[in-house]
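Per-entry structural report
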Amino acid sequence: MSKHTPGPWVVGPVDDCTVTAVDSRGNRTIVAEIDGDYNEPDLWPIMEANARLISAAPDLLEALKWAAGRLTYTRRIKGQNDEFCDGVDMMNAAIAKAEGKQ
């Protein structure tokens, strides 16, 4: 199990460059704050996009684990070793990176 702050993670509510975790009581904890030059409006969309990507991380990790498990099962049952199933290696590497195992 990953040791990150449990989700859900959301952007805001006050700043579109702050990612917070929301617990079962509705309490918020800051997970990440995107730094950038607030005097450069052209950078704001990039900063906000980075915050949205970070906020999706727990959901993406869970979905990736699910997909990797299904593809590993398919590879084992069908004895496949094609490009589609080789994606499992990429998935497992990303999971290991997210969990600090790489």
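Preceding this section is the structure that the text describes.
In this report, the structure presented in the accompanying data block is examined. If you're wondering where the values come from, they're calculated on a predicted model, not measured in any experiment.

Structural notes on the overall build of the chain
What the chain contains, in helices and strands, is 2 helices and 3 strands. Going residue by residue from the N terminus, the α and β elements of the chain occur as β-β-β-α-α. Its C-alpha atoms give the chain a radius of gyration of 17 Å, clearly above 13 Å, the size a compact globule of 102 residues would have. Along the three orthogonal principal directions, the C-alpha set of the chain runs to about 55 × 35 × 20 Å. Across the 102 residues that make up the chain, the buried fraction comes to 25%. Counted over contacts in the chain with a minimum sequence separation of 6, partners at least 24 positions apart contribute 33%. Carbon and sulfur atoms provide 56% of the accessible area of the chain, an area that totals close to 7,400 Å². Looking at the chain, you have 11 positive and 16 negative side-chain charges, and the mean spots of the two groups are 14 Å apart.

Section: unusual backbone geometry
A cis amide bond, omega 5 degrees, links G7 with the succeeding residue P8. Turning to its location among the elements, P8 is positioned in the segment before β1 (9-11).

Looking at the sheet that holds strand β2 (residues 18-22)
Strand order in the open sheet made by the 3 strands is β1-β2-β3, with antiparallel pairing throughout. Looking at strand neighbours, the two that pair on one side only are β1 and β3 (28-33), the edges of this open sheet. This sheet shows a mean twist of 35 degrees between the axes of neighbouring strands, independent of strand direction. Relative to β2, β1 runs antiparallel, the two being bridged by 3 bridges. For V10, the partnering residue across the bridge sits in β2 and is T20.

Considering the pairing of β3
Where β2 meets β3, 5 bridges bridge the pair, whose relative direction is antiparallel. Each residue of the ladder has a partner; that of V22, found in β3, is R28. Hairpin geometry of β2 and β3 is characterised by an intervening segment of 5 residues between the two adjacent antiparallel strands and by a positive phi of about 90 degrees at G26.

Section: the side chain of T18
Relative to the elements of secondary structure, T18 occurs in strand β2. The exposure class assigned to T18 is buried, which follows from its relative accessible area of 10%. Setting aside chain neighbours within four positions, we find T18 in contact with V10, V11, G12, I30, A32 and E33.

Side note on the nonpolar core
Counting residues in hydrophobic clusters, the biggest one holds 8 residues: W9, C17, V19, A21, A32, I34, M47 and A51. For this core, the elements supplying multiple residues, two or more each, are β2 and α1 (44-78). In this view, W9 contacts H4, V19, T20, A21, V31, I54, S55, A57 and P58; residues no more than four positions away in its chain are not counted. By size, the runner-up hydrophobic cluster in this structure holds 6 residues, among which are A68, V88, M91 and I95.

Things to note about the pairing of β2
Taken across its 5 residues, β2 has 5 buried, putting it largely inside the fold. The alternating pattern of β2 places T18, T20 and V22 on one face and V19 and A21 on the opposite face, and all of these are buried. Remark: 6 residues form the turn of the hairpin made by β1 and β2, two consecutive strands paired antiparallel; G12 in that turn has positive phi of roughly 95 degrees.

Parameters at a glance
- Residues numbered from 1 in each chain as written.
- Predicted model: local features only at pLDDT ≥ 70, side-chain atom pairs only at ≥ 80, totals over all residues.
- Heavy atoms only, no water.
- Helix = DSSP H or I, 4+ residues; strand = E, 2+ residues; numbered from the N terminus.
- Rg over C-alpha atoms; globule rule 2.2 N^0.38 Å.
- Buried < 20%, exposed > 50% of the residue type's maximum accessible area, 1.4 Å probe, protein only.
- Contact = heavy atoms within 4.5 Å.
- Areas by Shrake-Rupley, 256 points an atom, 1.4 Å probe, with all protein chains shown as cover.
- Lys, Arg positive; Asp, Glu negative; His and termini not counted.
- Charge placed at Lys NZ, Arg CZ, Asp CG, Glu CD.
- Pairing = 2+ DSSP bridges.
- Axes fitted to C-alpha atoms, helices over the stretch in contact; angles between N-to-C directions.
- Core = buried A, V, L, I, M, F, W, Y, C linked by side-chain atoms within 4.5 Å.

The analysis is restricted to geometry; functional conclusions fall outside its scope.
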